[in-house]
Amino acid sequence: MLLKYFNLKAEIKSVQNIENNDPNNSYFQYNVTIVIYNSNGEKLREGMSSANSRETKFAYRWVSEKNVPANLDKKILEKRVNKGEVLNKIPSSPNEIFSFANTIIKMAQKRASVSAVLM
């Protein structure tokens, strides 16, 4: 909203990525640099940020007791209560990480944009 209000333009300057597509040890990391320009095309600021698939929001998920895989010991899992239901924190399956790749790069872009605006 601030960019629009001040008639500024944000562009992606660079994206560096680390991608391991091994289904048993998948990993995605994106480092993004965003540049903000004024209406005359002058560079004002840069913002850099990253996001990766080992961040808690991607590496784990909360499931109900009945959805905990049989190979996990429910006694040692972190728990929380949501609307009266007990949820267990379990690791995301290796294949789930592939569905997060686009979300991870978008998160890095958003963080870099916010960084540039704050500067």
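It should be emphasised that the depicted structure is a prediction, and the values quoted were computed from it without experimental measurement. (Residues numbered from 1 in each chain as written. Predicted model: local features only at pLDDT ≥ 70, side-chain atom pairs only at ≥ 80, totals over all residues. Heavy atoms only, no water.)

**A look at the environment of asparagine 38**
So, step 1. Here asparagine 38 is to be found in the loop between β2 (27-37) and β3 (43-52).
So, step 2. Once residues lying within four places of it in the same chain are set aside, the contact partners of asparagine 38 are Asn7, Leu8 and Leu44.
So, step 3. One polar contact links the side chain of asparagine 38 to the main-chain amide nitrogen of asparagine 40, over a distance of 2.9 Å. (Helix = DSSP H or I, 4+ residues; strand = E, 2+ residues; numbered from the N terminus. Contact = heavy atoms within 4.5 Å. Polar contact = N/O pair within 3.5 Å; in protein donor to acceptor, adjacent residues only side chain to side chain.)

**Looking at the sheet that holds β3**
So, step 1. With respect to topology, three strands assemble into an open sheet ordered β1-β2-β3, the strand pairing being antiparallel. Each end of this open sheet is capped by a strand with a single partner; those strands are β1 (9-20) and β3. For this sheet, the mean inter-axis angle between neighbouring strands, taken without regard to orientation, is 15 degrees.
So, step 2. As judged from the 11 bridges shared by β1 and β2, these two strands associate in the antiparallel manner. (Pairing = 2+ DSSP bridges. Axes fitted to C-alpha atoms, helices over the stretch in contact; angles between N-to-C directions.)

**Details of the pattern of salt bridges**
So, step 1. One pass over the full model with this rule turns up six salt bridges.
So, step 2. Of the charged contacts, one joins arginine 111 and glutamate 55 as a salt bridge, the two residues approaching to 2.9 Å between their closest N and O atoms. Pair noted here: arginine 111 is in helix α3 (residues 96-118) and glutamate 55 is in the loop between β3 and α2 (56-59), with a separation of 56 residues, a long-range link.
So, step 3. Glutamate 55 sits in the buried class, given a relative accessible area of 17%.
So, step 4. One connected set of salt bridges, linked through shared partners, spans Lys13, Lys43 and Glu46. (Salt bridge = Lys/Arg side-chain N within 4 Å of Asp/Glu carboxyl O. Buried < 20%, exposed > 50% of the residue type's maximum accessible area, 1.4 Å probe, protein only.)

**Observations concerning the pairing of strand β5 (residues 79-82)**
So, step 1. As paired strands, β5 and strand β6 (residues 85-91) are joined by four bridges and run antiparallel to one another. Directly across from asparagine 82, in β6, lies its bridge partner glutamate 85.
So, step 2. The hairpin formed by β5 and β6 contains two residues between the paired strands, and lysine 83 there has a positive phi angle of roughly 55 degrees.

Read these as spatial facts, not as claims about activity.
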